[in-house]
Amino acid sequence: MAGTWACLIPFILVIPISILTKQVQSGLFVGLLVGSYLLYPDILGGAEHVIKYLINNIVVTNNIRIIVFLYAFAGLVGIIKLTGGIKGFVHLISKKVKTKKSAMALAWVSTLGTFSEPDFRIVTIAPIMKALSKRLGMSKKRIAYAIEFTANPAIALIPVATAFVGYMVSIIGQSLKTSGIHQSAYMVYVKSIPFNFFSIVIILVGVYYSFFKKEKENEDEHMESAQKNHQEKSFNENENEKTKHRLPHTTVLNAKRSNLKSSFNMEAGTMVDEPDIHGERTGMFDRNTPSHADQQEDLDAAHRAYIKATPIRPWNLIVPIALFLLLTLFLSWWDGHSKANGFFNAFIKSDMLGVMLTSLLIAIIIAFAIFIFQRFPVSTLVTHFVKGGNELVNVIIMLALIWAVTAVSEDLGFSKYITSHLTSWIPHMFIAPSLFILGAVISYFIGSSWGTWGLLMPLGVTLATQSHTSILMAIGAVFASGTFGAFASPLSDNTVTTCTVLGIDVVKYARSKLVPALIAAGISVVLYVGFSFFG
């Protein structure tokens, strides 16, 4: 189909709907639905092709690999936590912590064992750091900074053994294919990492904030005091309601849990009630909600139960993850050594997605064998493996929608339209800075790095291709822009999870994070402009 302005409609709808609903999936679905009806404008035609676009893109070999990898990796994380691997690891390294600086060093060093996924890292290390903050008299805000500086920004820079890799490679591969570029998506991703300026700069800013910047204690105490006063007020209001209505104890308990949702506790390896971090029921954005203090009590109780029941076995983390990393490196060389001359060329020629999936499968099998030998019931392991995998079902749905929207946009003539129109509107040297700024705004309002990457990557690669500018810089700018929102947005899962575990005010904390985030963003824009002019 010839490119017309209609090809922009799916993307024009996706972005504002995602911002309004704070759910990228809803925006993507509307974009897919409208795009299908634009191509097949009859009552059943559009609906039928929504299904076709979804199914046809899911069954693509590499896409199926991505889905299986994401689900299986989350499942492995689930059984590692169940068997005490995470608890054992943090327990092992926390023995050395005696001072505030060593506690900060622990927050940073723990990245080595918790780098697979940001929320995984947060729920793993934040409870330990919260306990240390009480013992050492540390600022919770400063601890939160240290954890988040090394969460999404650091993980976005790691090219192996993270839940990000498969997704990032997938959207790059789809975008390269759309633009007619036949290169290894994984190698393009690796080469683009140095251009993720925001992630690099915010980590450097984080080093300064964690180890050299003097904390304004009164400001931090005010934030924590405000949170404490709000919780006490909420608790008193709740108690008054109980007295007024003379509710039975069981009814009160049910009322306390009415603002909680059931989810898989990745720490304890069980189903627990926790605040709905995206809804209005959490009390985080609705200041009149009376049950926020009770929610924190429930979270603390769940964590105490986890500490008591979960064994301390650091090798249950170290062995599976180390095995996965080593197998990935070895099999990458093995898969490519017969296709290329030289050691490093072998990695370039390898089928990285296939290698990572094979390595993960072997690591899972050996992990199951170890845990069964330790007398963990097979049924329990399987249950928690499935529950862990289910944690990423929303991401898998989003992936399928992104693939389908990309396909329907291409059928509407997206690339042709970009070629003849949009590339002439933006000066070539400003493509990377413009992508970063646009993506940063989008990611801040929707609070999703993955959603931003999926929305902007096709546009970024197409713009760079048609304007003959650096594709690597455009890809790096897109990844950097999504990382900005994941770090700075008050709607980000990372922000809300960190505040919930540490017991600090979400809005005040997110506002305070804007300072380092905007500093890093400003430096990143300067770097993108500089490299565009002189690179």
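Fair warning: this is a prediction, and the values are worked out from it, not measured in the lab.

About the cut-offs
- Residues numbered from 1 in each chain as written.
- Predicted model: local features only at pLDDT ≥ 70, side-chain atom pairs only at ≥ 80, totals over all residues.
- Heavy atoms only, no water.
- Patch = residues over 30% accessible without salt bridge, like charges linked within 9 Å, V, L, I, M, F, W, Y side chains within 5 Å.
- Areas by Shrake-Rupley, 256 points an atom, 1.4 Å probe, with all protein chains shown as cover.
- Salt bridge = Lys/Arg side-chain N within 4 Å of Asp/Glu carboxyl O.
- Helix = DSSP H or I, 4+ residues; strand = E, 2+ residues; numbered from the N terminus.
- Buried < 20%, exposed > 50% of the residue type's maximum accessible area, 1.4 Å probe, protein only.
- Phe/Tyr/Trp six-rings, centres within 6.5 Å; stacked < 30°, edge-to-face > 60°.
- Polar contact = N/O pair within 3.5 Å; in protein donor to acceptor, adjacent residues only side chain to side chain.

Participant: I'd like a description of a nonpolar patch on the surface, backed by residues and values.
Facilitator: Nonpolar side chains collect at one region of the surface, where Ile 372, Val 378, Val 382 and Val 386 lie side by side and expose about 280 Å² of accessible area between them. The element contributing the most residues to the nonpolar patch is helix α20 (residues 378-390), with three residues. Residue Val 378 is classed as partly exposed on the basis of its relative accessible area of 45%.

Participant: Report on the pattern of salt bridges, specifying residues and quantitative values.
Facilitator: Per the stated rule, a full pass over the model turns up one salt bridge. Two residues, Glu 148 and Lys 513, come together in a salt bridge whose shortest N-O distance is 2.9 Å. Placement of the pair is Glu 148 in helix α9 (residues 140-149) and Lys 513 in helix α27 (residues 506-534), with a sequence separation of 365 residues.

Participant: Give me the lowdown on the packing of aromatic side chains, citing residues and values where you can.
Facilitator: Aromatic ring pairs are defined here through the distance separating the ring centres and the angle between the ring planes. Here the structure, examined in full by the defined rule, presents 26 aromatic pairs. Linked through ring pairs, Phe 195, Phe 197, Phe 198, Phe 436, Tyr 444, Phe 484, Tyr 528 and Phe 531 together constitute an aromatic cluster.

Participant: Give me the lowdown on the side chain of Thr 111, citing residues and values where you can.
Facilitator: By the secondary structure assignment, Thr 111 is in helix α7 (residues 111-114). At a separation of 2.7 Å, a polar atom in the side chain of Thr 111 contacts the main-chain carbonyl oxygen of Trp 108.

Participant: An account of unusual backbone geometry is needed here, citing residue identities and associated values.
Facilitator: Notably, Arg 375 is not glycine yet its phi reads approximately 70°, a positive angle. Tracing the backbone through its elements, the reader meets Arg 375 in the loop between α19 (352-373) and α20.

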